Amino acid sequence: MGDEERNLVEILEEHNAIDIAKYINYVSAPQAGAVATFSGTTRDTFDGKTVVELRYEAYVPMAVRRIKDICSSARASWSLISIAVAHRLGPVAVGETSIFIAISSVHRADALDACKFVIDEIKASVPIWKKEVYANGEVWKENSEFLERRTELANPNGVICDSVEASWFC
């Protein structure tokens with residue numbers, strides 16, 4: 001395999017369920033002593049409201065590019081064998097998987113730590129938007145990780161300073 005990064009990143013179009021076995025099989029390897037996974041599923045309530053479904057939209061080319069960057073960052077911090085990330089678009093019913101991450105490594109600590117890093121970074125920085133649909137309405141949701149990142153990046157004048165927007169103010 002050499003220096004080649006073994007990553008699989010997929011943004012699935014509407015009504016395509018995530019095949020969890022596919023991504024676990026992708027990261028499985030004889031040298032892997034650990035496979036850590038994260039499965040984000042639609043829950044049935046939020047703040048006392050009945051959730052009917054979640055709906056996801058994305059800027060797909062940028063989302064894929066950003067997730068690949070996150071995978072590279074994970075590899076720079078931990079010794080990883082393979083990474084697989086899948087995220088659905090469109091409606092996702094209660095109990096169904098919206099995002100799945102599988103990461104393999106020789107030792108469990110690397111896979112577990114990297115898995116948490118990858119989901120946190122995806123929620124903070126990937127252009128995928130979530131709408132919660134309730135029995136009595138709907139609302140676009142901002143991830144708490146995104147809001148925390150905005151606060152971290154803000155300069156004393158309240159301008160967001162990162163490599164993408166308004167960096168000339170910083």
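For the structure, check the block above.
Residues numbered from 1 in each chain as written. Predicted model: local features only at pLDDT ≥ 70, side-chain atom pairs only at ≥ 80, totals over all residues. Heavy atoms only, no water.

Caption draft 1: Fine view of helix α3 (residues 108-125). Compared with an ideal rise of 1.5 Å per residue, which puts 18 residues at 26 Å, α3 spans 26 Å between its outermost C-alpha atoms and is within 8% of the ideal. Residues Ala111, Ala114, Cys115, Val118, Ile119, Glu121, Ile122 and Ala124 constitute the buried set of α3. (Helix = DSSP H or I, 4+ residues; strand = E, 2+ residues; numbered from the N terminus. Expected span 1.5 Å × (residues − 1). Buried < 20%, exposed > 50% of the residue type's maximum accessible area, 1.4 Å probe, protein only.)

Caption draft 2: Main features of the packing of aromatic side chains. The tally for this structure, following the rule as stated, stands at two aromatic pairs. Between tyrosine 23 and phenylalanine 100 the ring centres are 6.5 Å apart and the planes differ by 45 degrees, which places this aromatic pair in the tilted class. Here the residue tyrosine 23 occupies a position in helix α1 (residues 20-27), and phenylalanine 100 occupies one in strand β7 (residues 97-105), the gap between them amounting to 77 residues. Against the face of tyrosine 26 rests arginine 6, its NZ or CZ located 4.0 Å from the ring centre. Positioned above the aromatic ring of tyrosine 134 is the side chain of lysine 49, whose terminal nitrogen or guanidinium carbon lies 4.5 Å from the ring centre. (Phe/Tyr/Trp six-rings, centres within 6.5 Å; stacked < 30°, edge-to-face > 60°. Lys NZ or Arg CZ within 6 Å of the ring centre and 35° of its normal.)

Caption draft 3: Spatial organisation of the sheet that holds strand β5 (residues 82-88). Read across the sheet, four strands follow the order β1-β5-β7-β2 without closing on themselves; strand pairing throughout is mixed. Every other strand in the sheet has two partners, leaving β1 (6-12) and β2 (34-41) as the edge strands with one partner each. Adjacent strand axes in the sheet meet at a mean angle of 5 degrees, parallel and antiparallel pairs treated alike. Two elements, β1 and β5, share seven bridges in a ladder whose sense is parallel. Each residue of the ladder has a partner; that of leucine 8, found in β5, is alanine 84. Of the strands in this sheet, β1 and β5 are in contact with helix α2 (residues 60-77), which crosses β1 at around 150 degrees. Seen against the sheet, α3 touches β2, β5 and β7 and runs at an angle of roughly 145 degrees to β7. (Pairing = 2+ DSSP bridges. Axes fitted to C-alpha atoms, helices over the stretch in contact; angles between N-to-C directions. Contact = heavy atoms within 4.5 Å.)

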